[in-house]
Protein chains: 2
Amino acid sequence: MSRDLLGGVVVHPGRRLTARLAQTLAVADAGSFETAPAAGLTLTLEGVPGDPHAGFTRRAGPREPWHPRGTEIRSGRQLSIVSVEELAEIAAALGRSAVEAGWIGADLVLEGLPSLSFLPAGTRLFFESGACVVVEAQNAPCRHAGRAIARRTGQPGDELSFPKIAKRLRGVVASVERAGEVTAGSGVVVRVPEQWLY
Amino acid sequence: MSRDLLGGVVVHPGRRLTARLAQTLAVADAGSFETAPAAGLTLTLEGVPGDPHAGFTRRAGPREPWHPRGTEIRSGRQLSIVSVEELAEIAAALGRSAVEAGWIGADLVLEGLPSLSFLPAGTRLFFESGACVVVEAQNAPCRHAGRAIARRTGQPGDELSFPKIAKRLRGVVASVERAGEVTAGSGVVVRVPEQWLY
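The sections below set out a description of the structure shown in this document. (Residues numbered from 1 in each chain as written. Chains lettered and ligands numbered in written order. Predicted model: local features only at pLDDT ≥ 70, side-chain atom pairs only at ≥ 80, totals over all residues. Heavy atoms only, no water.)

Counting its regular elements, chain A contains 3 helices and 14 strands. Over its C-alpha atoms chain A spans a radius of gyration of 17 Å, differing by no more than 12% from the 16 Å that the globule rule assigns to 198 residues. Seen through its principal axes, chain A has C-alpha atoms that stretch 55 × 35 × 35 Å. Put simply, chain A has 198 residues, and 51% of those count as buried. The long-range share in chain A, meaning contacts at least 24 apart out of those at least 6 apart in sequence, stands at 71%. With an accessible surface of roughly 8,300 Å², chain A has 52% of that area assigned to carbon and sulfur atoms. One way to put it: in chain A the 22 positive side-chain charges average out to a point 5 Å from where the 20 negative ones average out. (Helix = DSSP H or I, 4+ residues; strand = E, 2+ residues; numbered from the N terminus. Rg over C-alpha atoms; globule rule 2.2 N^0.38 Å. Buried < 20%, exposed > 50% of the residue type's maximum accessible area, 1.4 Å probe, protein only. Contact = heavy atoms within 4.5 Å. Areas by Shrake-Rupley, 256 points an atom, 1.4 Å probe, with all protein chains shown as cover. Lys, Arg positive; Asp, Glu negative; His and termini not counted. Charge placed at Lys NZ, Arg CZ, Asp CG, Glu CD.)

If you want it as structure tokens, here you go:
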């Protein structure tokens with residue numbers, strides 16, 4: 001299908017992929033950014049109850065320089081999703097044996113999906129309970145996460161290396177579309193939407 | 001920039017465009033799907049107060065066959081945005097002199113943006129007050145809107161023609177990211193995000 005859009009657009013059809021939910025993680029300590037493996041999570045329409053990222057809205061921060069700091073905005077960042085494969089790639093590039101999902105506050109870890117960080121906005125992940133989350137954007141690695149990694153690896157240089165190395169490998173942020181349970185080890189159906197270049 | 005994604009991905013940089021907010025419309029009658037021109041609208045983080053589409057959540061309907069009908073889900077459809085140019089294209093294809101934005105329940109009408117319906121998910125529209133909305137998806141024309149048009153044109157056949165003709169011309173649905181006023185006749189800055197094909 002092709003239409004006259006800025007000289008012609010091609011619509012690439014949506015696709016169905018499958019993956020495995022390798023890990024689910026929850027905030028272990030209210031004062032910390034880190035998450036720890038849990039057997040499962042209950043997703044509500046506001047995210048993971050008790051998680052600092054839960055809520056329909058949040059305060060604008062350095063990630064949104066186009067809004068005054070502190071302004072209440074639509075969240076779009078309820079969940080952080082990373083992949084086994086991309087975490088391994090980050091670890092290898094840092095020269096560490098592993099980078100754990102919990103160190104950077106991830107909620108869900110997928111396995112078996114190529115280049116998770118490039119899942120386009122609007123991709124839906126369907127879990128076995130019927131719970132569904134929708135990808136909002138590629139996540140940008142920040143020094144905050146780099147600092148958390150450096151604490152764990154004991155290599156202070158990782159604080160600055162991580163944001164560079166993990167660019168386009170740090171997974172995606174997502175919102176909950178339909179509430180429900182998600183269980184570590186279960187299957188995930190991934191629906192990539194139609195895509196085109198504007 | 002290129003990476004090994006399913007055989008190589010090319011990241012197309014984001015772009016800044018400008019447009020004009022030609023019209024703002026509000027629900028005139030609580031029992032109706034239609035909207036009527038207003039001098040401006042107050043956007044809250046839940047959408048347009050009093051509009052049946054306002055809210056962080058809504059009930060799943062025929063547009064979401066993957067969720068049981070009636071399940072509470074994340075909204076993603078607070079606002080309907082259409083363009084002067086695409087409405088004219090629909091009217092011409094239907095053989096009518098005009099199709100008004102209000103007939104199909106639009107909230108905002110933009111002018112001066114090519115192929116508005118193809119703005120990708122994650123595109124941000126910035127209004128002069130600082131209010132900001134984020135595009136969620138291309139809107140799909142339905143028979144409900146076709147029926148509303150047929151009532152206005154007096155041509156019963158438009159009910160069935162509209163969903164076919166208006167496919168990929170019916171604008172986008174959006175969520176409010178930052179609250180504020182939007183005023184008919186004012187300027188809009190459009191930030192198209194980076195894009196790639198997964």
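Our next topic: the pairing of strand β10 (residues 124-127) of chain A. Residues and elements named next belong to chain A. Here 3 bridges tie β10 to strand β11 (residues 132-138), and the two strands are oriented antiparallel to one another. Residue pairing in the sheet places Leu 125 in a bridge with Val 133 of β11. Between the end of β10 and the start of β11, which pair antiparallel, lie 4 residues, with Gly 130 showing a positive phi angle near 100°. Inspection of the sheet shows β10 paired to strand β14 (residues 187-192) by 4 bridges, in the antiparallel sense. Bridge pairing in β14 places Leu 125 opposite Val 190. (Pairing = 2+ DSSP bridges.)

Let us look at the side chain of A:Ser117. Of note, A:Ser117 is situated in the loop between β9 (108-111) and β10. By relative accessible area, which is 0% here, A:Ser117 ends up buried. At 2.7 Å, the side chain of A:Ser117 forms a polar contact with the backbone nitrogen of A:Gly171. If we ignore the near neighbours within four places in the chain, the residues touching A:Ser117 are A:Glu86, A:Gln138, A:Arg168, A:Leu169, A:Arg170, A:Gly171, A:Val172 and B:Trp196. (Polar contact = N/O pair within 3.5 Å; in protein donor to acceptor, adjacent residues only side chain to side chain.)

Note on the copies: chain B fits chain A at an RMSD of 0.0 Å, the axial shift is 0.0 Å, and the rotation between them is 180°. Both copies are brought into coincidence by an operation consistent with a two-fold rotation axis. By C-alpha distance to the rotation axis, the residue of chain B lying nearest is B:Ala121, at 3.0 Å. Of the interface residues in chain B, 100% have counterparts in chain A that sit at the interface too, so the contact is made through matching surfaces. (Least-squares fit on C-alpha atoms with pLDDT ≥ 70 in both.)

Take the packing of helix α1 (residues 84-94) of chain B against helix α3 (residues 158-165) of chain B next. In a packed pair of helices, the relevant descriptors are the angle between the two axes and the axis-to-axis distance. Residues and elements named next belong to chain B. For the pair α1 and α3, interaxial distance at closest approach is 10 Å and the crossing angle is 130°. By the angle between their directions, the pair α1 and α3 is classed as oblique. Every pair of crossing elements has a handedness; the one defined by α1 and α3 is right-handed. Mapping the contact onto sequence places Ile 90, Ala 93 and Leu 94 in α1 and Asp 158, Ser 161, Phe 162 and Ile 165 in α3. (Axes fitted to C-alpha atoms, helices over the stretch in contact; angles between N-to-C directions. Parallel < 35°, antiparallel > 145°, perpendicular 65-115°, else oblique. Left-handed = near helix turned anticlockwise from the far one by under 90°.)

As a further point, take the pattern of salt bridges. On inspection of all chains with the given rule, the structure shows 20 salt bridges over all chains. Through salt bridges that share partners, A:Arg74, A:Glu136, B:Arg74 and B:Glu136 make up one connected network. (Salt bridge = Lys/Arg side-chain N within 4 Å of Asp/Glu carboxyl O.)

This part takes up helix α2 (residues 143-153) of chain A. Residues and elements named next belong to chain A. Listing the buried residues of α2 in full gives Ala 145, Gly 146, Ala 148, Ile 149 and Ala 150. Each element contacted by the buried residues of α2 is listed here: α1 (84-94) and α3 (158-165). Gly 154 sits one or two positions beyond α2 and adopts a positive phi of about 75°.

Below, the discussion takes up the interface of chain B and chain A. Between chain B and chain A, the residue contacts involve 48 residues of the former and 48 residues of the latter. Taken together, both faces of the contact between chain B and chain A bury some 4,100 Å²; the carbon and sulfur share is 60%. Three residues, B:Arg74, B:Phe118 and B:Tyr198, lead the burial of chain B against chain A; their summed loss comes to 21% of the area buried on that side. The interface formed by chain B and chain A contains 4 salt bridges. B:Arg74 is the partner of A:Glu136 in a salt bridge, and the nearest nitrogen-oxygen pair spans 3.1 Å. (Buried area = accessible area lost by both parts, 1.4 Å probe.)

The subject of this paragraph is the environment of B:Glu181. All names here are of chain B. Topologically, Glu 181 is positioned in strand β13 (residues 180-183). Counting along the chain gives 49 residues from Glu 181 to Cys 132, while the straight-line C-alpha distance between them is 9.6 Å. Not counting the four nearest positions on each side in its chain, Glu 181 is found in contact with Leu 41, Thr 42, Phe 127, Ser 129 and Ala 131. Within the structure, the side chain of Glu 181 is placed 3.0 Å from the side chain of Thr 42, a separation counted as a polar contact.

Before going further, it helps to spend a moment on the packing of aromatic side chains. A ring pair, where both rings are aromatic, is described by two values, the distance of the centres and the angle of the planes. Overall, the coordinates contain 3 aromatic pairs over all chains when judged by the stated rule. Seen from their ring centres, A:Phe56 and B:Phe56 are 4.7 Å apart, and the 10° between their planes marks the pair as stacked. Of this pair, A:Phe56 sits in the loop between β5 (40-43) and β6 (57-59) while B:Phe56 sits in the loop between β5 (40-43) and β6 (57-59), on two different chains. Overall, B:Phe56 belongs to the partly exposed group, its relative accessible area being 23%. Arranged with centres 5.1 Å apart and planes meeting at 80°, the rings of A:Phe118 and B:Trp196 form a pair that is edge-to-face. With A:Phe118 in the loop between β9 and β10 and B:Trp196 in the segment after β14 (187-192), this residue pair bridges two chains. Of the residues examined, B:Trp196 reaches a relative accessible area of 10% and is grouped as buried. (Phe/Tyr/Trp six-rings, centres within 6.5 Å; stacked < 30°, edge-to-face > 60°.)

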